[in-house]
Amino acid sequence: MAFSDPKILELIKAYRPIWALSSSGALLEWDLEVNMPERASESRGVIMAELALIRQDRMKSVYPILEEASARSKDLNDEERGVVRILERMKKYYTRIPPELLEEEQRLAVEATIVWREARKKSDFNQFKPYLERILALKIKEAEKLGYENHPYNAMLDLGEEGFTVEDMDSMFSRMIPGLKKILEKTRVAKKFPSRHPLEEIKYDVGSMGVVNREITEILDMPKDRFRMDTSTHPFMTGTSRDDIRITTRYEGVDFRNTMYSVIHESGHAIYELQLDEKLNYTPVSQAASTGFHESQSRFWENIIGRSKGFVTLIKPLLMKNLSFLAPYDDDNELYQYVNLVRPGLIRVDADELTYNFHIALRYEIEKKLFDGKLSVGELPSMWNDTMSDYLGITPHNDAEGVLQDIHWSGGSWGYFPTYSLGNIIGGMIWHNIRKDLDLEELAAKGNFTPIKTWLYDRIHRWGAIYPPKELARKTLGESYNPERMLQYLEQKYVGK
Ligand code: MG
C-alpha cells in the first residue's frame, strides 16, 4: 500500500475533486484542438477559465489538511512525502500569485498571440515589440511574487522543472555548445549523413500515411483499450487518467518523416503516462516527475529508438507496402540516412538531433538576459541573428524565420524552452544506462519493445512525481543531469563507425 497515513488519506480525498477538474479541463482542451467547431472558441474560453477558478477555490479546502500533514513529515513514507511536496508547490503558486495578475496574463496572451500571428505573416518584429514588452513586464512581476534565489528567471525555470536554476542551465550549455560544435564539424567532414535527400520533396497520400501511422502505434504495442490517436494542427499528448491517454499528429502532405516521427514522439510521452504506477491513481504524484523528464521519454523513443538502424529495418516493409514512391529507395541504409539528415537550419521545429539544442541555447540566453535586464526587447533581433551566425553559421533573412518563429513568448510560456534540451540530456543519460542491460539495436530490429518499456518503468515511470526530478535522476540514472552522455551518444551515432 503506497498510502496509509490517515492525514495523507484525508489529503488525497480532498484533492480528488481538484484532480477531476484538471482532467475535465484536459479533455476540453483536447476537444478544442481535435473536434470543436470554430465559433465555439469564445464560449470554450469562458468554460475553461471558470473551471480554473473553481479549481483554485477548491484548493483552499486542501490547505488546512496540508498544513497538518506537512508537520508530520518525518512519520511519512516517500510516496506520502511526495504528495505533500507537490501540493505545497501548488499552494505556493495559487497563494502567491494574485488572481488579477493571472487574469491579466491570460488576456494579454490571447491578444498578443493574434498580433504575433499577424506580425509573423508580415515578418515585422516592431509590430509585436510593444506586446512582448508588456508580457515580459508581467512575467517579471510573476517571478517577484513567486520569489526566487539569485536570479529572477529561476522562478520561471522552477515552474516546469522543480529546483532547476540558471546555474544548472549555464553549466550544461557551456559544456554542450562546444561539444556539439565539434561533433557537427566532424559530421560535415565525414559526410556519413547527407544534408539533403530527394524524399524531402515527395508528396504522400494522407490516407496511406494514416495507415502507416496506425501500424506504427501497433508496432510500439500501444494498448488499444487505453489509447487513441487523432489529427490536430500541432501534435500533442494528453489524457484524463492513465487509462485514457491520447495523442495527435498532423499531415503536411510532403516529407513523410515529419508525421511519422510526431507519432513516435507523442507515443513516447504516452508510454510514460500509461506506465505510471496504478497505486498512485487520483493522487498529486500520479504525473511525470517534470517537463524535462516527460520530454526525455518522447525524445528517447523518437530519436534513440525511432531513428536507429534497427527500427528503420523493422518498419521498412510497412513503408514499402504503403508508400509506392519509396520503390527507388528500397535500401535500409538509404532510409536510415533520410531519417537522419543533418542540416543546420533557421527553424527550430525542423532541426535535426545535432542542431536542435543550439536553437534552445539561443532562446534560453535571450529569456535569461531579458529577465535580468541585460538585454532589452529592442535588441532581440540583432542578438538573435548574431547568435545564430555564431552557433550554426547561418543568419535569418527576416524576422519570420528568426525571432518571430515560435508561439511560446506570445502565449506566455517562459522558462519552457530549456526543458526541451533537458529532455535530450536525460534521454542521453537513459541511453548510457540502458545499454548496460539491453541491446537496443537488436530489440528495435525485432520489434521487441517490452524489455525497453519494463526498464523505463522500473527507473522512471513507476515513480511518478514522488521524487523531485534531480533526485530521481540521481537515484535511478546514477547522476544528476549530465550533458556528456548525450554528447557521447551523438558522437557515436554521427561520427563513429
Ligand atoms: Mg514533446
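Residues numbered from 1 in each chain as written. Predicted model: local features only at pLDDT ≥ 70, side-chain atom pairs only at ≥ 80, totals over all residues. Heavy atoms only, no water.

(A) Spatial organisation of the packing of helix α1 (residues 6–34) against helix α4 (residues 78–96). Interaxial distance between α1 and α4 falls to 11 Å at its minimum, and their mutual angle equals 45°. The angle between α1 and α4 places the two elements in the oblique class. Between α1 and α4 the crossing geometry is left-handed. For the pair α1 and α4, contact is made by Ile8, Leu11, Ile12, Tyr15 and Ile18 and by Glu80, Val83, Val84, Leu87 and Met90, respectively. Within the contact of α1 with α4, the residues separate by chemical class into 9 nonpolar, no polar and 1 charged. (Axes fitted to C-alpha atoms, helices over the stretch in contact; angles between N-to-C directions. Helix = DSSP H or I, 4+ residues; strand = E, 2+ residues; numbered from the N terminus. Parallel < 35°, antiparallel > 145°, perpendicular 65-115°, else oblique. Left-handed = near helix turned anticlockwise from the far one by under 90°. Contact = heavy atoms within 4.5 Å. Nonpolar A, V, L, I, M, F, W, Y, C, P; charged D, E, K, R; others polar.)

(B) Inspection of helix α13 (residues 332–339) at higher detail. For α13, the set of buried residues is Leu335, Tyr336, Tyr338 and Val339. Each buried residue of α13 lies within a common arc of 160° when the element is viewed along its axis, so the set occupies one face. Considering only its buried residues, α13 is in contact with α10 (257–274), α12 (309–322) and α21 (484–495). Where α13 begins, one side-chain oxygen reaches toward the backbone nitrogen of Asn333, 3.1 Å away; that side chain belongs to Asp331. (Buried < 20%, exposed > 50% of the residue type's maximum accessible area, 1.4 Å probe, protein only. Arc of directions from axis to C-beta. Polar contact = N/O pair within 3.5 Å; in protein donor to acceptor, adjacent residues only side chain to side chain.)

(C) Geometry of the coordination of the magnesium ion. Each protein donor to the magnesium ion is listed here as His265 (NE2), His269 (NE2) and Glu295 (OE); together their distances run 2.3 Å. The motif formed by the donor residues of the magnesium ion, counted along the single chain, is H-x3-H-x25-E. Of this pair, His269 sits in helix α10 while Glu295 sits in helix α11 (residues 291–305); the two residues are 26 residues apart in sequence, bridging distant segments of the chain. Given the relative accessible area of 10%, His269 is considered buried. For Glu295, a relative accessible area of 11% gives the class buried. (Donors = N, O, S within 2.8 Å, 3.2 Å for Na, K, Ca; no water.)

(D) Looking closely at the packing of aromatic side chains. As enumerated under the stated definition, the model contains 23 aromatic pairs in all. Ring centres of Phe164 and Tyr481 lie 5.7 Å apart, and the angle between their planes is 75°; on these two criteria the pair is classed as edge-to-face. Residue Phe164 is located in the loop between α7 (153–160) and α8 (166–190), and its partner Tyr481 is located in the loop between α20 (469–477) and α21; the two are separated by 317 residues in the primary sequence. Measuring from centroid to centroid gives 5.5 Å for Phe173 and Tyr364, while their planes differ by 35°, and the two rings are tilted. Taken together, the residues Phe173 in helix α8 and Tyr364 in helix α14 (residues 356–371) connect sequence positions 191 residues apart. On the basis of relative accessible area, Phe173 is assigned to the buried category, the value being 5%. (Phe/Tyr/Trp six-rings, centres within 6.5 Å; stacked < 30°, edge-to-face > 60°.)

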